[in-house]
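Close look at the chain arrangement
Letter by letter, the chains look like this.
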Amino acid sequence: PTASPASTAAEALTTGETLNISVGPLVRVTHQGSDLSVLPLTIARPKDAVEPTLNAAAVIMGGITSNVVLYRPLRLIDSAGLRVWSTTTGKTDFGSIAPGDDQDLYPTFGPVDVDTVTVFLSHGGFIEVPVVNADDAQAPKLDVGSIVSNAKLQDTLRDPVSIERYSVALDGSSSGLTDGDETSVDVASDVTFAVDSAELTAQADDALKGVAETIAGYSGGELTITGHTDDVADDAHNQKLSEDRAQAVADRLGKLTDLSAWTTTVAGKGETEPKSANDTEEGRQANRRVEVVIAPTDGTDGSLARSGSGAEIPEPAGPSGSGPDGVTVGSGTFGLGQVTVKLAQVQRRGSLLLGVLEVTGGKGGSLTPLGTGWLSDPGSVLNNARGELGGATSLLASDGLTLLSGSDRIYPVDYLLPDSDAHRALTELELTEILADGQTSRVCVAWPDTGEDTVMVDHPAGGALPCPWRLTDVPVVAG
């Protein structure tokens, strides 16, 4: 279809199928006293499309499974305010369309209070569209009553949620999480302290330097420093050890940066608030930590917590090539399939970096869905990058597309929906495509802005289907 002056023409590519899409504008409407938004979409298939029918709506809006577990692929992004809206449309039975045909869709969202939004168009890209009122001259005429009655609205998704940023130091010394209100940094006690001691090691400053720099980036607020232990010793010993370690970190941070504008609270929790189960050494190691929560008076900005550990970027665990040239990778030791991954550039928009990868089936095709070992986080199959049990929401997501920057591994931004226990990555969430030789799909992913002119995308090794790869020298352009 030809886009109207207020709409935007886009293209999605999935399993070799091209979809031509007219997007927007997003229209603010009111129905029975309730404010909401409608995003007009028209999806058209080329006349020479191969498949006789295609459920194009499911590609863009998700199918029955994504609806049940609320991992909606169609989302709106406020890149300046770092918020995301999921579509409130619960309908999934839109029917298929033949080559040469088109289909109108009217997905609904909660009220939107900005003048432009970025549409996360699954397999298409990040499309910026205007937000208009229903009575504006450029607004399309909508039958709001019919749209709402057909949408099967899920009002729990009306409100936007905060986009969060998560990174892990390459040497494992710390991990950082930032949302709109605060930054929380977990400093590994195994790096900052000797065994069963509250005396800082020689490596402690490397682990704490990044925390101090984050604090120094704000004018003041509340600072909470809490020590935690595993359950190896008795309760009283662990409580005292956690308190002493928290105090040691607080004292050292006070020497690394000025804390006079901060209200500082220091406490120990002993073994009472474990991060992981204490039944493995890995779990006990995760529990031995000092948590530093930085809550600036005016909230956080778009910056990312960095470790400052000085750890060097490791050698690639698999094939490596420049982003524009791409890299061809097989699925590890099993030798099942082959794909080529390219990323010509990423766009800087607000505080985000937006990437659209092209993944093409190689000799023999991918043989397994793209959301398995090819692009997913190589940790536990049903867990997300943070270790939260996400179930189906983590099963086929492209959440393993990380950035290597400085001394950190930076994960795609994510968000937590109401009544959910696990964060969802702002990436493709339902990559069920199995590519034949020569077939291509586009894969969208959003990262925090690292402030660099080029980025390095790394899919790490590990998992049941290991297929590590790396793209270097991906240019960052203004979006």
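In case you missed it, the structure is sitting above this.
As the structure is a computational prediction, the values presented were derived from the model and not from experiment.

With that settled, consider the overall build of the chain. Tallying secondary structure elements over the chain gives 8 helices and 30 strands in all. Expected size for 479 residues packed as a compact globule is a radius of gyration near 23 Å; at 24 Å, the chain falls within 12% of this value. Expressed as lengths along the three principal axes of its C-alpha atoms, the size of the chain is roughly 70 × 55 × 40 Å. Summarising the internal contacts of the chain: among those between residues at least 6 apart in sequence, 71% fall at separations of at least 24. Carbon and sulfur atoms form 48% of the exposed surface of the chain, whose accessible area is close to 19200 Å². A distance of 3 Å separates the average location of the 31 positive side-chain charges in the chain from that of its 67 negative side-chain charges.

Right, let's get into the nonpolar core. Counting 29 residues, the largest nonpolar core has I21, V23, L39, I60 and L76 as its most contacted members. Those elements that provide at least two residues to this core are β1 (8–14), β2 (17–23), β5 (41–44), α1 (56–61), β10 (116–121) and β11 (125–133). With 5 residues, the top contributor of residues to this core is α1. For L76, the residues in contact, after removing those within four places along its chain, are L26, L39, R83, V84, W85, F109, V112, V117, T118 and V119. One finds V329, L435, V457 and C467 within the second-largest nonpolar core, a separate group that totals 28 residues.

Moving on, we come to the packing of aromatic side chains. Tallied over the full model, the rule gives 2 aromatic pairs. Taken together, a centroid distance of 5.2 Å and an interplanar angle of 85° make the contact between F120 and F126 edge-to-face. Taken as a pair, F120 and F126 share a single burial class, namely buried. With a centroid separation of 5.6 Å and an interplanar angle of 35°, the aromatic rings of Y166 and Y411 are classed as tilted. Pair noted here: Y166 is in strand β13 (residues 165–169) and Y411 is in the loop between β25 (408–410) and β26 (414–415), with a separation of 245 residues, a long-range link. Note on Y411: relative accessible area 12%, which makes it buried. The ring of F120 carries R75 above its face, with NZ or CZ at 4.2 Å from the centroid.

Within the structure shown, the criterion is met by 17 salt bridges. Across the pair D458 and R470 runs a salt bridge, and its minimum N-O distance is 2.8 Å. With D458 in strand β29 (residues 454–459) and R470 in strand β30 (residues 469–478), the pair connects residues that are 12 residues apart, well separated along the chain. Residue classification places D458 among the buried positions, given a relative accessible area of 4%. Under the relative-accessibility criterion, R470 is labelled buried at 5%. Residues participating in the shared-partner salt-bridge network are D190, D230, E281, R284 and R288.

The side chains of a regular strand alternate, residue by residue, between the two faces of the sheet. Where strand β19 (residues 320–322) and β30 come together, 3 bridges link them in parallel fashion. If you follow S322 over to β30, its bridge partner there is T472. Looking at chain direction, β29 and β30 are connected through 5 bridges and run antiparallel. Its bridge partner lying in β30, T454 is registered against P475.

Turning our attention to the packing of helix α5 (residues 204–216) against helix α6 (residues 235–256). What describes two packed helices is the angle between their axes and the distance between those same axes. Two elements in contact, α5 and α6, have axes separated by 9 Å at closest approach and are oriented at 65°. The chirality of how α5 crosses α6 is right-handed. Counted together, D205, L208, K209, V211, A212 and I215 of α5 and V249, R252, L253 and L256 of α6 form the full contact between these two elements. Split by residue class, the contact of α5 with α6 holds 7 nonpolar, no polar and 3 charged.

Calculation criteria
Residues numbered from 1 in each chain as written. Predicted model: local features only at pLDDT ≥ 70, side-chain atom pairs only at ≥ 80, totals over all residues. Heavy atoms only, no water. Helix = DSSP H or I, 4+ residues; strand = E, 2+ residues; numbered from the N terminus. Rg over C-alpha atoms; globule rule 2.2 N^0.38 Å. Contact = heavy atoms within 4.5 Å. Areas by Shrake-Rupley, 256 points an atom, 1.4 Å probe, with all protein chains shown as cover. Lys, Arg positive; Asp, Glu negative; His and termini not counted. Charge placed at Lys NZ, Arg CZ, Asp CG, Glu CD. Core = buried A, V, L, I, M, F, W, Y, C linked by side-chain atoms within 4.5 Å. Buried < 20%, exposed > 50% of the residue type's maximum accessible area, 1.4 Å probe, protein only. Phe/Tyr/Trp six-rings, centres within 6.5 Å; stacked < 30°, edge-to-face > 60°. Lys NZ or Arg CZ within 6 Å of the ring centre and 35° of its normal. Salt bridge = Lys/Arg side-chain N within 4 Å of Asp/Glu carboxyl O. Pairing = 2+ DSSP bridges. Axes fitted to C-alpha atoms, helices over the stretch in contact; angles between N-to-C directions. Left-handed = near helix turned anticlockwise from the far one by under 90°. Nonpolar A, V, L, I, M, F, W, Y, C, P; charged D, E, K, R; others polar.

Interpretation in functional terms is not warranted from these geometric data alone.
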